[in-house]
Amino acid sequence: MALAEHLRELRNRVVKSVLAILVFTIVAGIYHKQLEHFLLQPLPQCDKQNAGDYHGRCAQVSNIGLTAGFNWMLKVALTAGVVAAVPVWLYQVWAFVAPGLHRHEKKYTIIFMICGAPLFLAGVACAFLVMPTTVEVLISFTPNETTPILPPEDYFDIATRMVLVFGLAFEFPLLLVMLNLVGIVSGKRLLGWWRGMVMGITVFAAFATPSADPISMLMLAAPIWALYFTAVVIAIVFDKRKARRNPDAGLGDEEASHLDLSVQPVAGAESVHASAAPTASSAPVPAARHEQMDDIT
């Protein structure tokens with residue numbers, strides 16, 4: 001395809017993705033009340049009877065400004081539309097990139113797309129499980145004589161940040177497996193990094209969670225630890241399969257393969273019976289032919 005045709009196809013893919021997001025956004029806008037109620041569940045609101053479960057702390061959720069409610073509805077609807085349209089725009093990205101990939105590269109990208117969505121959703125679910133504890137810890141810093149007033153947009157920004165961080169963090173082990181499949185890193189090397197990985201994941205979880213409590217940090221770090229060691233096991237299994245198919249698969253670009261230079265015994269000589277000797281012709285060789293034979297010699 002020419003460059004103009006590629007750009008035309010890219011435009012069509014983008015338009016289809018935007019239309020799908022727009023359709024889901026309109027549907028989410030129709031049911032925005034239900035979505036807002038679901039998103040505000042982790043907040044210990046003062047008008048609820050379960051405020052005592054948060055050690056007497058509660059928050060007054062309030063929209064400040066005339067257009068704040070409308071902006072909040074647009075954010076919720078647009079975010080829900082983008083999330084709901086994930087299968088559509090992921091397929092459009094795949095359909096645009098797939099013609100330029102080899103067969104094994106297509107296989108790896110399909111695996112990444114199939115496994116990536118469940119892992120991201122698992123991270124989103126973990127973020128919603130951590131959200132009530134995070135909110136409780138952050139509200140606990142409020143002085144006793146005051147009541148925190150929480151604009152929904154600020155809370156939504158924190159919730160969106162946690163959802164993205166948790167979702168992308170759950171994709172990290174899948175990235176390690178893909179690097180192993182393409183031969184960039186081996187399973188043994190990944191296993192040798194386990195101390196640094198555990199420490200790095202712990203530090204990342206400490207900075208990624210808005211609250212400073214260890215419960216939220218462990219709820220993010222512990223699943224990633226488990227997924228990391230699962231990725232190491234998968235990478236080691238893949239390396240063993242590669243070694244059975246090709247013994248030289250684990251060699252580097254500048255490493256020589258093993259050559260068998262051992263001396264093998266030679267069998268005894270075999271006698272060959274010669275055939276009858278050819279009879280010489282009695283006719284004289286022509287002079288022209290004789291000269292040609294001398295030239296060949």
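This text goes with the structure placed above it.
Residues numbered from 1 in each chain as written. Predicted model: local features only at pLDDT ≥ 70, side-chain atom pairs only at ≥ 80, totals over all residues. Heavy atoms only, no water.

Caption draft 1: Representation of the packing of helix 9 (residues 194-208) against helix 10 (residues 214-245) within the structure. It is at 9 Å that the axes of helix 9 and helix 10 come closest, and there the two elements cross at 150 degrees. As judged from the angle between their axes, helix 9 and helix 10 are roughly antiparallel. As helix 9 packs across helix 10, the resulting crossing turns out to be right-handed. Within the contact between the two elements, helix 9 uses Trp194, Met197, Val198, Ile201, Thr202, Phe204, Ala205, Ala206 and Ala208 and helix 10 uses Met217, Leu220, Ala221, Ile224, Trp225, Tyr228 and Phe229. A class-by-class count of the residues in the contact of helix 9 with helix 10 yields 15 nonpolar, 1 polar and no charged. (Axes fitted to C-alpha atoms, helices over the stretch in contact; angles between N-to-C directions. Helix = DSSP H or I, 4+ residues; strand = E, 2+ residues; numbered from the N terminus. Parallel < 35°, antiparallel > 145°, perpendicular 65-115°, else oblique. Left-handed = near helix turned anticlockwise from the far one by under 90°. Contact = heavy atoms within 4.5 Å. Nonpolar A, V, L, I, M, F, W, Y, C, P; charged D, E, K, R; others polar.)

Caption draft 2: The arrangement of helix 3 (residues 68-84) in detail. Over its 17 residues, helix 3 extends 24 Å from the first C-alpha to the last, a length consistent with the 24 Å expected when each residue adds 1.5 Å. Buried residues along helix 3 sit against helix 1 (3-30), helix 2 (32-39) and helix 6 (152-169). (Expected span 1.5 Å × (residues − 1).)

Caption draft 3: Layout of the pattern of salt bridges. Using the criterion set out here, one finds 2 salt bridges in the structure. Residue Arg13 pairs with Glu9 through a salt bridge whose shortest N-O separation is 3.5 Å. You can see Arg13 and its partner Glu9 sitting in helix 1, 4 residues apart, about one turn around the helix. Take Glu9: its relative accessible area is 18%, and that puts it in the buried class. Of the charged contacts in the structure, one is a salt bridge between Lys75 and Asp157, with a shortest N-O distance of 3.6 Å. Within this pair, whereas Lys75 is found in helix 3, its partner Asp157 is found in helix 6, the two being separated by 82 residues in sequence. Judged by relative accessible area, Asp157 falls into the partly exposed class, the value being 32%. (Salt bridge = Lys/Arg side-chain N within 4 Å of Asp/Glu carboxyl O. Buried < 20%, exposed > 50% of the residue type's maximum accessible area, 1.4 Å probe, protein only.)

Coordinates in, geometry out; function isn't part of it.
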